[in-house]
Amino acid sequence: MTVQKKEHEFLVESPVLEKLKPEFKRAAELIQHVVRVGRPIILRHHADCDGYIAGIALERAITHILSKRNRDAVWKYLKRIPSKTPYYDYIDAVKDITNFDRNLKAESYPLLIIVDSGSSEQDLLALTKVKQNKFDILIVDHHTPYLVDSKSAVAQIADILINPHLAGGDSNLCAGCLATELSRFVTEDWGYSEMDHFPAIAGTGDKSAGKEFEAYLELATESGDEALNTE
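Residues numbered from 1 in each chain as written. Predicted model: local features only at pLDDT ≥ 70, side-chain atom pairs only at ≥ 80, totals over all residues. Heavy atoms only, no water.

**Q** Sorry if this is basic, but what is going on with the overall build of the protein here?
**A** The helix and strand inventory of the protein stands at eight helices and seven strands. Burial status across the protein gives 52% buried among its 231 residues. Counting only contacts in the protein whose residues sit at least 6 apart along the sequence, the fraction spanning at least 24 positions is 72%. Carbon and sulfur atoms make up 50% of the accessible area of the protein, which amounts to about 10800 Å² in all. (Helix = DSSP H or I, 4+ residues; strand = E, 2+ residues; numbered from the N terminus. Buried < 20%, exposed > 50% of the residue type's maximum accessible area, 1.4 Å probe, protein only. Contact = heavy atoms within 4.5 Å. Areas by Shrake-Rupley, 256 points an atom, 1.4 Å probe, with all protein chains shown as cover.)

So, in structure tokens, the structure goes:
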């Protein structure tokens, strides 16, 4: 498996990622639109290695495009919140509905981004609650989705669900891998090569295996060698 390093392409060759590319593009366009119109973003991630890597990867991309609008107000529009539970808890949903800054614009309901959770049956109640409150929902997750009649139940609520299981893949393409790839689609004019090693860290923490993970490890090794050569 060879490594790719092209803009708007994935870091590694993967049939699963290629099948999901339309969802990656839709997700990037949604994030860009929300930033452009000045709506708040709530970024929730599981509080483990994979979740933190995924959350930080997207935070870097989003803050980069937010800073172009108003460098002094980046953190007014973006809140990154780690979650202890491996699912989107109903209490967290109530907090998100209650606490977002309604002074930004009367009609500026948030975009809720959930990474490294969100696909399970346990997520349904909380997701339904925020959807009833006019949130847009983007989920980037690698856990086995809850299916009803062979379809993801969460996908019927969320605006976009990126999950490798829905494209013939499995959990080895962890959230840190998916979110790092998505960050490359969100914005192209920044040094996202600084995060080339992120998927390898996330996958190691989640005990990933397989050809994609091996390619991410190779990429992390190359990135480390390049960093050493610049000293």
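**Q** Honestly, the sheet that holds strand S3 (residues 111-115) in this entry has me stumped. Any pointers?
**A** In sheet architecture, strand pairing relies on hydrogen bonds along the backbone and comes in two forms, parallel and antiparallel. What the five strands build is an open sheet, ordered S2-S1-S3-S4-S7; its pairing is parallel. Only two strands of the sheet have a single partner each, and these edge strands are strand S2 (78-83) and strand S7 (160-162). When the angles between neighbouring strand axes are averaged without regard to direction, this sheet yields 15°. Inspection of the sheet shows strand S1 (residues 41-46) paired to S2 by six bridges, in the parallel sense. Residue pairing across strands places Leu43 opposite Arg80, the latter belonging to S2. Its contacts with the sheet put helix H1 (residues 15-37) on S1, S3, strand S4 (136-140) and S7, and the angle it makes with S7 is roughly 130°. Relative to S1, helix H4 (residues 90-99) is tilted by about 160°, and along the sheet it contacts S1, S2 and S3. (Pairing = 2+ DSSP bridges. Axes fitted to C-alpha atoms, helices over the stretch in contact; angles between N-to-C directions.)

**Q** Got a minute to help me understand the packing of aromatic side chains in this structure?
**A** Summed over the entire model, instances satisfying the criterion amount to three aromatic pairs. Between Phe10 and Phe185, the ring centres sit 5.3 Å apart and the planes meet at 45°, which makes this aromatic pair tilted. Residue Phe10 is found in the segment before H1, and its partner Phe185 is found in helix H6 (residues 175-186); the two are separated by 175 residues along the sequence. On the basis of relative accessibility, which here comes to 0%, the residue Phe10 falls in the buried class. With a relative accessible area of 6%, Phe185 lands in the buried category. (Phe/Tyr/Trp six-rings, centres within 6.5 Å; stacked < 30°, edge-to-face > 60°.)

**Q** Would you explain the pairing of S1 in this entry?
**A** A regular strand places its side chains so that they alternate between the two faces of the sheet. When you tally the buried positions in S1, you get six out of six residues, the bulk of the element. Here S1 shows no split at all, with Ile41, Leu43 and His45 on one side and Ile42, Arg44 and His46 on the other all buried.

**Q** Got a minute to help me understand a nonpolar patch on the surface in this structure?
**A** On the surface, Tyr90, Val94 and Leu125 cluster together into a nonpolar patch covering about 270 Å² of accessible area. Residue class for Tyr90 comes out partly exposed when judged on its relative accessible area of 35%. (Patch = residues over 30% accessible without salt bridge, like charges linked within 9 Å, V, L, I, M, F, W, Y side chains within 5 Å. Salt bridge = Lys/Arg side-chain N within 4 Å of Asp/Glu carboxyl O.)

**Q** It is not clear to me how unusual backbone geometry should be interpreted in this structure. Could you clarify?
**A** Backbone phi values are negative for most residues with the exception of glycine, while trans is the configuration of most peptide bonds. Phi angles above zero are rare outside glycine, and Ser150 is one such case at about 65°. Along the polypeptide, Ser150 turns up in the loop between strand S5 (147-148) and strand S6 (151-152). Of note in the backbone geometry, Lys207 takes a positive phi value of approximately 60° without being a glycine. Accessibility expressed as a relative area gives 72% for Lys207, which makes it exposed.

**Q** Quick question: what am I supposed to make of the packing of helix H2 (residues 49-69) against H6 here?
**A** Any two packed helices are characterised by how steeply their axes cross, that is the angle between the axes, and by the distance between the axes. Two numbers describe how H2 lies on H6: the axes approach to 7 Å, and their chain directions differ by 10°. In terms of orientation, H2 lies roughly parallel with respect to H6. Contacts between H2 and H6 pair Asp50, Ile53, Ala54, Ala57, Leu58, Ala61 and Ile65 from the former with Ala175, Gly176, Ala179, Thr180, Leu182, Ser183 and Val186 from the latter. (Parallel < 35°, antiparallel > 145°, perpendicular 65-115°, else oblique.)

**Q** I'm lost on H1 in this one. Help?
**A** Note: α-helices contain 3.6 residues per turn, so residues at a spacing of three or four share the same orientation. Counted at 1.5 Å a residue, the expected span for H1 with its 23 residues is 33 Å, and the 34 Å between its end C-alpha atoms agrees. Residue Lys21 marks the point of greatest curvature in H1, where the axis turns by about 50°; the proline Pro22 follows within four residues. Of all the positions in H1, only Val16, Leu17, Leu20, Lys21, Phe24, Ala27, Ala28, Leu30, Ile31, Val34 and Val35 are classed as buried. Downstream of H1 by a residue or two, Gly38 has a phi angle that is positive, lying close to 80°. (Expected span 1.5 Å × (residues − 1). Bend = angle between axes of the 7 residues up to and from the residue.)

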